[in-house]
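A closer look at the structure
As a plain string of letters, each chain reads:
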Amino acid sequence: MKIRDIRTTPLLCHFKNDYHWADGVTLSSPIVLIEIETEDGVIGIAESGVGPTIEPMLAILRDAIPHFIGKSVYDTNKLIWDYFMTGFKARGMGSQYRMFSRTMSGIELAAWDAIGRATGQPVCNVLGGAVRDEVGYFGFVQGDTPNELRSHAEELVKEGYPVLYVKVGRGNDLDLAIVKAVREAAPHVRLRLDANEAWDTLQAITMMKRLKPFDIEIMEQPIPGTTGPDGFRRLQGAGMPMAADQSVYLPEEVFALCSSHAVQSIVLGLHETCGALRWRQAAGIAAAANVRINIHGIFETGITTCMANQVGATVSNLDDANQIMWQLLAEDLIQSPSLKPSRGFLPVSRKPGYGFELNWDAVNRAHEKYRQRQAWVPAL
Ligand SMILES: [Mg+2]
């Protein structure tokens with residue numbers, strides 16, 4: 001099954017509301033839609049994560065794609081890492097795993113969709129089979145002010161989410177007011193916080209002690225990812241379970257974090273590992289340490305929700321409250337199936353590939369927004 005063409009379409013998908021987190025405000029999800037077409041006419045679809053802007057990612061993809069044309073779709077992973085050697089390492093970019101992975105993940109993931117659609121099997125079967133029939137997601141509380149976040153938390157509780165997740169790292173007093181408001185609105189749910197690297201060691205210990213009375217299940221990435229496993233070890237005295245997110249992209253980093261005994265969860269997305277195979281490697285390393293792996297969401301659409309649902313369903317140590325982001329968009333790209341969780345869970349699709357149908361009108365509108373160079377982040 002040879003690859004005839006790989007098409008890239010840059011898209012800008014606006015959020016319904018401004019997205020507030022420790023790094024500021026974000027307005028849109030920029031992605032590159034990837035379509036792999038085989039000589040048999042099968043089309044596999046995925047998306048690449050993008051950052052810091054779309055253009056460098058597109059340029060790398062355009063440089064890489066000729067290496068794949070005429071080759072077997074079953075050789076995609078080998079071809080990706082061959083290109084890493086010739087296109088990155090041999091050009092003096094050996095340490096740029098993170099940008100490489102986010103850029104090339106769409107090709108790896110589109111290949112699985114093509115294989116699934118060609119064989120009539122869901123991607124979870126192609127990867128060896130699902131170990132669960134549904135995947136769990138947390139209710140992602142949105143808003144700027146404590147009152148806005150309180151109102152949304154009340155809605156999510158009514159929808160039956162057993163776990164809520166809130167961004168902090170926006171200022172100590174504001175953080176405390178936000179967590180107090182959400183906890184009042186949701187007294188009986190499991191509550192997780194994510195500080196997105198905002199705190200130094202002393203501030204993290206101080207804040208975790210002040211937040212402890214609110215019964216926090218997990219504090220995610222309180223300190224900069226560059227502090228590595230040692231950074232988490234220094235926080236153990238605060239007595240709160242922790243998850244690593246920005247500290248970990250590579251399977252080797254999962255090994256180092258798990259060996260540190262300082263984190264109880266690894267938060268990792270398919271784009272960060274350059275696709276499904278390395279994500280499952282990472283999950284296996286975490287499983288060996290009896291540590292959960294949590295599907296990370298970053299600026300993305302329902303395409304990534306469908307992909308992560310299929311891949312996540314195949315590992316035993318998947319968390320029961322993973323992250324999705326499509327619901328923040330003013331218009332998602334998925335026509336079917338419905339991606340709205342029921343009481344926090346989505347079924348694992350048994351349709352071929354990732355099992356989705358795209359809304360091509362929505363894709364065209366998102367491409368037009370990219371062409372108009374509409375804003376991704378507010379003006380400086
Ligand atoms: Mg995070």
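First, a word on scope: everything that follows refers to the structure included in this document. (Residues numbered from 1 in each chain as written. Predicted model: local features only at pLDDT ≥ 70, side-chain atom pairs only at ≥ 80, totals over all residues. Heavy atoms only, no water.)

Moving on to the coordination of the magnesium ion. Listed as protein donors to the magnesium ion are D194 (OD), E220 (OE) and D245 (OD); their distances from the metal cover 2.1 to 2.2 Å. The motif formed by the donor residues of the magnesium ion, counted along the single chain, is D-x25-E-x24-D. Highlighted residues: E220 in strand β8 (residues 216–220) and D245 in the loop between β9 (242–244) and α9 (251–259), separated in sequence by 25 residues. Neither E220 nor D245 differs from the other in exposure class; each is buried. (Donors = N, O, S within 2.8 Å, 3.2 Å for Na, K, Ca; no water. Helix = DSSP H or I, 4+ residues; strand = E, 2+ residues; numbered from the N terminus. Buried < 20%, exposed > 50% of the residue type's maximum accessible area, 1.4 Å probe, protein only.)

Let us look at the nonpolar core. Among the nonpolar cores identified, the biggest contains 130 residues, and M104, I107, L164, L211, I266, W279 and L333 are the most heavily contacted of them. In terms of residue count, helix α3 (residues 97–119) provides more of this core than any other element does, nine residues in total. Lining this core are residues from two domains, each supplying at least three of them: domain 1 (3–121 + 360–371) and domain 2 (126–353). Apart from residues lying up to four places away in sequence, L164 is in contact with G139, V141, A153, L156, V157, V182, A186, V189, R190, L191 and R192. (Core = buried A, V, L, I, M, F, W, Y, C linked by side-chain atoms within 4.5 Å. Domains from an automatic or database assignment. Contact = heavy atoms within 4.5 Å.)

Let us look at the packing of aromatic side chains. Going through the model one piece at a time under the given rule, you end up with 17 aromatic pairs. Judged by centre distance (5.4 Å) and plane angle (65°), the rings of W81 and F84 are edge-to-face. On the criterion of helical spacing, the pair formed by W81 and F84 is a turn pair, its members being three residues apart in helix α2 (residues 76–88). As far as burial versus exposure is concerned, W81 and F84 are alike and both buried. Here the aromatic rings of Y354 and F356 are separated by 6.4 Å at their centres, their planes lie at 5°, and the arrangement is stacked. Its relative accessible area of 1% is what places F356 among the buried residues. Ring pairs connect the aromatic residues F15, Y19, W21, F138, F140, Y165 and F299, which therefore count as one cluster. (Phe/Tyr/Trp six-rings, centres within 6.5 Å; stacked < 30°, edge-to-face > 60°.)

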